[in-house]
Structures are given as structure tokens and as C-alpha cells.
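What follows is the residue order along each chain.
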Amino acid sequence: MKIMVCGKGGCGKSTITSMLAFALQKRVKNVLVIDADESNYGLYRQLGAELPKVFTGCFGGRAGIMKQPKTKPGGSFLKEEISIDSIPKDYISESEGVKLMTMCQLYL
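Here the structure is a predicted model, which means the values were calculated and not measured.

Undergrad: Looking at this structure, how should I read the nonpolar core?
TA: A general trend in soluble globular proteins is that nonpolar side chains are found buried together. Counting 10 residues, the largest nonpolar core is built from Ala 21, Phe 22, Val 31, Val 33, Leu 43, Tyr 44, Leu 47, Ala 49, Val 98 and Leu 100. Contributing elements (two or more residues each) for this core: α1 (13-28), β1 (31-35), α2 (43-46) and β3 (98-102). Judged by nonpolar contacts, the second largest core, of five residues, contains Phe 55, Tyr 91, Ile 92 and Met 101.

Undergrad: Is there a simple way to think about α1 in this case?
TA: Two residues of an α-helix separated by three or four positions point the same way, owing to the 3.6 residues in each turn. Under the 1.5 Å per step criterion, the end-to-end length of α1 is 21 Å for 16 residues, consistent within 8% with the ideal 22 Å. Where α1 is concerned, the buried positions are Lys 13, Ser 14, Thr 17, Ser 18, Ala 21, Phe 22 and Gln 25. All buried residues of α1 project into a common sector of 150° when viewed along the axis, lining one side. In α1, those exposed residues whose orientation departs by more than 90 degrees from the buried face are Met 19, Lys 26 and Arg 27. Contacts made by the buried residues of α1 are with β1, α2, β2 (93-95) and β3. Immediately beyond the C-terminal end of α1, within one or two residues, lies Lys 29, with a positive phi of roughly 75°.

Undergrad: Mind showing me how you'd approach the pairing of β3 here?
TA: Where a strand is regular, its side chains alternate between the two sheet faces. The buried fraction of β3 is high, at five of five residues. A two-sided burial pattern is seen for β3, the buried positions comprising Val 98, Leu 100 and Thr 102 on one face and Lys 99 and Met 101 on the other. Hairpin remark: β2 followed by β3, antiparallel, with two residues in the connecting loop; positive phi at Glu 96, about 50°.

Rules used throughout
Residues numbered from 1 in each chain as written. Predicted model: local features only at pLDDT ≥ 70, side-chain atom pairs only at ≥ 80, totals over all residues. Heavy atoms only, no water. Core = buried A, V, L, I, M, F, W, Y, C linked by side-chain atoms within 4.5 Å. Buried < 20%, exposed > 50% of the residue type's maximum accessible area, 1.4 Å probe, protein only. Helix = DSSP H or I, 4+ residues; strand = E, 2+ residues; numbered from the N terminus. Expected span 1.5 Å × (residues − 1). Arc of directions from axis to C-beta. Contact = heavy atoms within 4.5 Å. Pairing = 2+ DSSP bridges.

Note that all results are geometric; they support no functional claim without further evidence.
Structure below.
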């Protein structure tokens with residue numbers, strides 16, 4: 001199952017995401033929150049987690065990803081499927097069983 005939470009700034013996205021993540025963790029046990037909002041740096045705090053390393057760093061950051069050849073229009077530059085277990089531990093933090101990964105550089 002994949003759930004995306006989006007909306008205007010200040011509408012409660014981080015609060016809803018945190019509450020939903022902890023509720024789902026109690027039911028399904030394997031929850032990964034992916035934070036792709038570079039303008040908000042509060043989600044990791046609401047989850048009670050440490051700020052993990054930015055995952056796009058694995059690929060040379062934004063510039064590195066943009067330089068990767070596309071295999072087809074809209075295709076992925078990744079050669080294999082990524083699972084939660086295959087993500088390097090530095091790029092995931094965890095709090096009360098909820099895992100967090102951040103995709104964008106946060107400006108603190």
C-alpha cells in the first residue's frame with residue numbers, strides 16, 4: 001500500500017502523516033515514511049526520529065540524478081528494484097517502529 005499526503009503549507013500534512021504512520025505501524029508492522037518536502041523540516045521531529053542522510057546523495061544528489069540516462073520516456077535509471085531492506089542504514093532513521101527516509105536536502 002502506498003499513501004501520499006499533499007496540500008498547502010500549514011494545512012497539517014506532517015501531523016496527518018505522523019499519526020497515520022504510527023497507526024499503520026500497529027497494524028501492518030512495516031511502515032516507511034518518505035519525506036520529499038524540501039521546504040518543511042518538521043516531519044522527522046513529529047515522528048520523534050533523527051534526521052537521516054538525504055537518500056538522493058546515494059546517486060550524487062539532484063545533479064547526479066538528472067545526469068543519469070533514461071531507459072525510456074518516464075523510465076527509471078535504477079537497474080533493480082529497491083526494497084526497504086536494501087536501503088543503506090545511514091539513509092533511514094526509526095522511531096517506535098516507523099522508518100523515515102528523506103529525499104530532498106533540507107535547509108536548516
